[in-house]
Amino acid sequence: MERIDKIISKELNIGRNDAKSLIKSGKVFLNGSSVKSPSEKLDEEKDVLTVGGRVIHLRRFVYIMMNKPEGVISSTDGRKTSEKTVIDILPEDMKRKNLFPAGRLDKNTTGFVLITDDGEFAHRILSPRSHVPKTYIAKLDKPFDDEISDAFSNGITIGDDECLPAVLEPVDGDYTLARVIIKQGMYHQIKRMFKKYSIEVIGLKRIKMGRLNLDESLAAGECRYIDEKELEMINSD
Ligand code: URA
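So, a few notes on the structure that sits alongside this text. (Residues numbered from 1 in each chain as written. Predicted model: local features only at pLDDT ≥ 70, side-chain atom pairs only at ≥ 80, totals over all residues. Heavy atoms only, no water.)

### Regarding the overall build of the chain
- Each helix and strand in the chain was counted, giving 6 helices and 17 strands.
- By its C-alpha atoms, the chain is 70 × 35 × 30 Å across when sized along the principal axes.
- A separation threshold of at least 6 residues defines the contact pool for the chain, and within that pool the share at least 24 residues apart is 60%.
- Total accessible area on the chain stands at roughly 12900 Å², and carbon and sulfur atoms take up 47% of it.
- Positive and negative charge centroids in the chain, built from 39 and 39 side chains respectively, lie 5 Å apart. (Helix = DSSP H or I, 4+ residues; strand = E, 2+ residues; numbered from the N terminus. Contact = heavy atoms within 4.5 Å. Areas by Shrake-Rupley, 256 points an atom, 1.4 Å probe, with all protein chains shown as cover. Lys, Arg positive; Asp, Glu negative; His and termini not counted. Charge placed at Lys NZ, Arg CZ, Asp CG, Glu CD.)

### Focus on the pairing of strand β15 (residues 201–209)
- As paired strands, strand β9 (residues 110–116) and β15 are joined by 2 bridges and run parallel to one another. Bridge pairing in β15 places Thr-110 opposite Lys-205.
- Two strands pair when backbone bridges link them, and strand β10 (residues 134–140) and β15 are joined in this way by 7 bridges, in the antiparallel orientation. Considered in β15, the bridge of Lys-139 is made with Gly-203.
- Pairing of β15 with strand β16 (residues 212–213) involves 2 bridges; the strand directions are antiparallel. Its bridge partner being in β16, Met-209 is matched across the sheet by Leu-212. (Pairing = 2+ DSSP bridges.)

### So, a negative patch on the surface
- The grouping of Asp-145, Asp-146, Glu-147 and Asp-150 at the surface amounts to a negative patch.
- Within the fold, Glu-147 resides in helix α4 (residues 146–154).
- When its relative accessible area of 66% is taken as the criterion, Glu-147 is described as exposed. (Patch = residues over 30% accessible without salt bridge, like charges linked within 9 Å, V, L, I, M, F, W, Y side chains within 5 Å. Salt bridge = Lys/Arg side-chain N within 4 Å of Asp/Glu carboxyl O. Buried < 20%, exposed > 50% of the residue type's maximum accessible area, 1.4 Å probe, protein only.)

### Considerations on the sheet that holds strand β5 (residues 49–51)
- Read across the open sheet, the 4 strands follow the order β3-β2-β5-β6; overall the sheet is antiparallel. Edge strands, defined here as strands with exactly one partner in the open sheet, are β3 (33–34) and β6 (54–57).
- Pairing geometry for β5 and β6, over 3 bridges, is antiparallel. Counted as the bridge partner of Val-51 is Arg-54 from β6.
- Seen against the sheet, helix α1 (residues 4–11) touches β2 (28–30), β5 and β6 and runs at an angle of roughly 60 degrees to β5. (Axes fitted to C-alpha atoms, helices over the stretch in contact; angles between N-to-C directions.)

### So, the pattern of salt bridges
- Scanning the entire structure with this criterion turns up 13 salt bridges.
- Among the ionic pairs, Glu-2 bridges to Lys-6, the shortest N-O distance being 3.6 Å.
- For Glu-2, a relative accessible area of 18% translates into the label buried.
- Asp-141 is the partner of Lys-142 in a salt bridge, and the nearest nitrogen-oxygen pair spans 3.4 Å.

Here you go:
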């Protein structure tokens, strides 16, 4: 742990008093919150320090929650198809090398995407054995019924793929608006699950990973860092 005024003075090559003045002026942020005192300390592993919006110090790995908008792909490189990726739309001060989305949402699916540069963590939550529950709200072209909910909860087969037991329930009693919880991440999984019953998904939003809800204050396309406590909530149900 090192004092913030010392780090700023070193990184910006300015005197300690100038560093303190910058802090007093309210331009220095630690993990998104304004730094009040020059004696606050920074954890090199975990903290992100910005001065006037410019990143001065980055933690070893970052974990970002994005509210993915429609029309953006969950990929690192959209050059081949000239499409915008979730990495392209990150704010400049959050961009860094090796960031990728941990798990994919379809181009027209919105909501919670986790973006990180921690390959091991991503592998842990994406591994077919990890069974992290992912909660979605699906808008349907016609209502589902209790028979379909029962089938989802017993585990259905779509093509050659076996789905693990999933939760399907109406939102506020509306059977054309479904809360769906799945523990896998197969290609177009939810759309294919409903298609089996001739129901089309006309809107899909991921609202939760593990026990961590999508932050409702994030507008479409916005994102924020996830802290360690929140990270643990993703990995446990
Ligand atoms: N299931 C789908 O069909 N699409 C998604 O984007 C996510 C889950």
